[in-house]
Amino acid sequence: MGEPDQQAFQEVNQNSPEAIPVQMRQIEGREWWLWGFAVAVTLALTLGIVSFTFPWFHFEADSSYWFDLREWVRGLAGLVLLFDVYTVYQHFQLQSIRRQLAERDQLFQLISENAADMIALVDSEGRRLYNSPAYEKVLGYSAEDLKNTSSFDQIHPDDRPRVLQAAEKARSSGQGERVEYRILHKDGSWRTLESTASAIRNAKGQTEKLVIVNRDITERKRAEELLVHNAFHDGLTNLPNRALFLDRLQHALTLSKKHSNYMFAVLLIDVDEFKVINDSLGHTAGDELLIQIGRRLTESVRRADTVSRPRVTGVVEKSANEGTLARLGGDEFTILLDDIRDPIEAVRVAERVQAELTPPFMVNGQEVVISASIGIASSTTPHTQAEDLVRDADIAMYRAKRTGKARCEVFDTAMHANAVKRLRLETDLRKALDQGEFRVYYQPIVSLQTGRIVGFEALSRWQRPEGVVPPIDFIPVAEETGLIIPINRQLRLEACRQVMAWQNQFPANPPLTMSMNITAKEFAQPDLASEIGKTIEQTGIDPACLRLEIVETIAMGDAEKSGKVLSQLKGLGVHLSIDDFGTGYSSLSRLRRIPVDTLKIDRVFIMNMDTDPENQEIVRVIITLAHNLGLKVVAEGAETEAHVKQLQQLNCEQAQGYFFSRPADEKAMTQLLAASPGVRSAAASV
Ligand code: C2E
Ligand code: MG
Ligand code: MG
């Protein structure tokens, strides 16, 4: 189809599909008349000539000559007749083919006019011959707009070579490959099309035109891109997620192995006490806080980025922020600090991040102050896997948490060894719990007025084949892993039963008490009070004989929350003690308001009391303070007679320490009770 074809198409375009058969029938009608006329004329002429050969015409001529001529004329007339019949037959055929072609044409017309896909016909030079109306609907261009442009004009320059290649292939093989490309919408935006070209060949087999069917796949593409984006980004903060971060990190790690002057660091940032925030303000507020933290970190990274890049030119080719800051999950964020000179730069960035997170956040109209612990691992590592590097940063971060939070730690090999040890301990602890390797030891608490044992503190011991493990070596790990909860549940049950047994065996007034330690993890458990309530119910112990020890830092922590938990516990009728008093920061007004009964002075003050007058002064102040607040005092760590005497002079009510007994098992304690002055054995009294 050349220019005339286009005209034909445009003419056809102007006519409605219904008008075409009418027009065609008119032309065909005229044609029939012409053909009929031609056939009738030839027949009439032939018949006229033949009629001369019949006897009623007598020519004065040689009869043999006339006879021959007559035969020739009749034969010729027969041929003309046959020719006419064949012509009419041919005409029928031709007309039927024409009708079929017209129908097909009409069908193509209908399809192309109504299809949502854009159908174009271009010549071998790419000039437009026809564009279906869908072009205007999808791309906004009218037929007039398209007339003056080539079919390549609106294609994105980057995609043109691919489209040309596909067109070339269609020309040579007849069928082009499916190709995706971007095309300019009239409004200036880019749309994505999927297109296939097919060749129309002339009689010589040369490709004259291409029919191109284009489908607008912009929305599908967007949906696909969104899916890919979602697979690699965190839904809450829209920051890259773990998968994308690990991919970038792996890339950096591989690069650092190839280029010795290329160095990077990984910063693992964990928000301190995020769980507390989440539990107290609710998850929606927690989410909002994470979004805001993400924003502040993005800002830090942007600034760190301008400081730390680019030095090794040509080595790192990626956008500044994408992949350098990620949310690994929960309250854990991570930064890939690219192309640094010295690991100390990472520490500086970590400090900046901490400073950035210091100003209060406004969440639901409430000010929230947070801190973060940061672990740093650098590319100076033998690791080849990104995950290993993140794990190193994680170990360093845990160390930062353990050594006081709101700090940053750089990973070193000793840390790794510790981490391995810790991991083994964790596994062993789980096994120990299954195999019942935990024992309860008891340490007596003695009245300093009467010298009698008034109660015990239950302390965990881990009975391993190689010896007894003290709590300092396993309680922190049990606490971190949450194993402390089942361990202590068991201990409480056993200790309650034990004290009831002793109360029966050694009745006293008031009856013997049992002190138990509550850790931070337990204290944060919302069902702590009901859990302890269950133990009381299960064992039938008088709750007044139960003393729950909560260390000062936890009891004095988040005012509202700890006050609530302490009141719930107090509601059970148990006795509450503040353990290790003097090591934390207690506010006097808080101390007055919380429902505690006893202060347990930390053993460091007692143990050094006789040698350090300052400690003695501290003990004296604590005792006076406690008495002023109407609280009783228990001194821990009374190791010598001198300690006991001094405590008696200071009016301390009770003491616990090696001077009386080291913690020991139930059997040893029963013997001690039996021998203890002033403790009457029930059996003996009978
Ligand atoms: P704590 O609650 O302050 O327990 C008193 C600790 O002081 C015990 O250490 C005890 O053996 C030690 N102690 C008592 N008198 C003396 C003394 O005269 N000199 C010295 N040097 N130490 C003395 P232990 O049993 O090693 O427990 C250490 C800490 O572990 C406990 O401190 C407590 O916080 C925790 N803990 C122990 N068992 C458990 C348990 O079953 N559950 C929980 N949650 N914590 C426990
Ligand atoms: Mg204690
Ligand atoms: Mg203590």
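If you're wondering where the values come from, they're calculated on a predicted model, not measured in any experiment.

This part covers the sheet that holds strand β8 (residues 332-337). A sheet is described by the order of its strands in space; here five strands give the open sequence β7-β8-β6-β11-β12, paired in mixed fashion. For this open sheet the edge positions go to β7 (325-329) and β12 (408-410), each flanked by a neighbour on one side alone. Adjacent strand axes in the sheet meet at a mean angle of 20° when their direction is disregarded. Note: β7 against β8, four bridges, orientation antiparallel.

Here we take up the domain arrangement of the protein chain. Taken domain by domain, the protein chain comprises domain 1 (1-113), domain 2 (115-223), domain 3 (232-411) and domain 4 (424-683). Taking only C-alpha atoms, the centre of domain 2 and the centre of domain 3 are 47 Å apart.

Let us now look at the pairing of β7. Where burial is concerned, most of β7 is hidden: four out of the five residues are buried. Where β7 folds back on β8, the antiparallel hairpin that results is connected by two residues, among which Gly330 adopts a positive phi of roughly 55°.

Another point: the coordination of the magnesium ion (ligand 3). All of the protein donors around the magnesium ion (ligand 3) are Asp579 (OD), Asp580 (OD), Glu636 (OE) and Glu636 (OE); their distances to the metal are 2.0 to 2.6 Å. Each donor residue of the magnesium ion (ligand 3) lies on the same chain, and together they follow the pattern D-D-x55-E. Take Glu636: its relative accessible area is 7%, and that puts it in the buried class.

This paragraph deals with the site of ligand 1. Within the structure, ligand 1 sits among 23 residues, and Ser460, Asn517, Arg603, Glu636 and Glu639 are positioned closest to it. In this structure, Asp580 approaches ligand 1 through a side-chain N or O atom, which is 3.1 Å from an oxygen atom. Protein burial of ligand 1: of its 790 Å² of free accessible surface, 88% is covered by the chains. Only β14 (453-464), α15 (484-505), β18 (575-581) and α21 (603-607) provide two or more residues apiece to the shell around ligand 1.

Taken together, the protein donors to the magnesium ion (ligand 2) comprise Glu457 (OE), Asn517 (OD1), Glu549 (OE) and Asp579 (OD), at separations of 2.0 to 2.2 Å. Between the two metals, the magnesium ion (ligand 2) and the magnesium ion (ligand 3), the spacing is 4.1 Å, and Asp579 donates to both. Linking Glu457 in strand β14 with Asn517 in strand β16 (residues 513-518), this pair joins segments that are 60 residues apart in sequence. For Glu457, a relative accessible area of 3% corresponds to the buried category.

This paragraph deals with unusual backbone geometry. A cis geometry characterises the amide bond from Asn509 onward to Pro510, with omega recorded as -5°. Following the sequence through the fold, Pro510 ends up in the loop between α15 and β16. In this model, Lys405 sits at a positive phi of 60°, which is unusual for a non-glycine residue. Along the chain, the position of Lys405 falls in the loop between α12 (386-402) and β12.

Right, let's get into the packing of aromatic side chains. Per the counting criterion, the structure on display carries ten aromatic pairs. Ring geometry for Phe438 versus Trp462: centroids 5.9 Å apart, planes at 35°, classification tilted. With a gap of 24 residues between them, Phe438 in strand β13 (residues 438-447) and Trp462 in strand β14 connect regions that are remote in the sequence. Phe438 sits in the buried class, given a relative accessible area of 9%. A relative accessible area of 0% means that Trp462 is categorised as buried. Linked through ring pairs, Phe438, Trp462 and Phe474 together constitute an aromatic cluster. Sitting over the ring of Phe361, Arg296 keeps its end group 3.7 Å from the ring centre.

About the cut-offs
- Residues numbered from 1 in each chain as written.
- Chains lettered and ligands numbered in written order.
- Predicted model: local features only at pLDDT ≥ 70, side-chain atom pairs only at ≥ 80, totals over all residues.
- Heavy atoms only, no water.
- Pairing = 2+ DSSP bridges.
- Helix = DSSP H or I, 4+ residues; strand = E, 2+ residues; numbered from the N terminus.
- Axes fitted to C-alpha atoms, helices over the stretch in contact; angles between N-to-C directions.
- Domains from an automatic or database assignment.
- Buried < 20%, exposed > 50% of the residue type's maximum accessible area, 1.4 Å probe, protein only.
- Donors = N, O, S within 2.8 Å, 3.2 Å for Na, K, Ca; no water.
- Near = heavy atom within 4 Å.
- Polar contact = N/O pair within 3.5 Å; in protein donor to acceptor, adjacent residues only side chain to side chain.
- Areas by Shrake-Rupley, 256 points an atom, 1.4 Å probe, with all protein chains shown as cover.
- Phe/Tyr/Trp six-rings, centres within 6.5 Å; stacked < 30°, edge-to-face > 60°.
- Lys NZ or Arg CZ within 6 Å of the ring centre and 35° of its normal.

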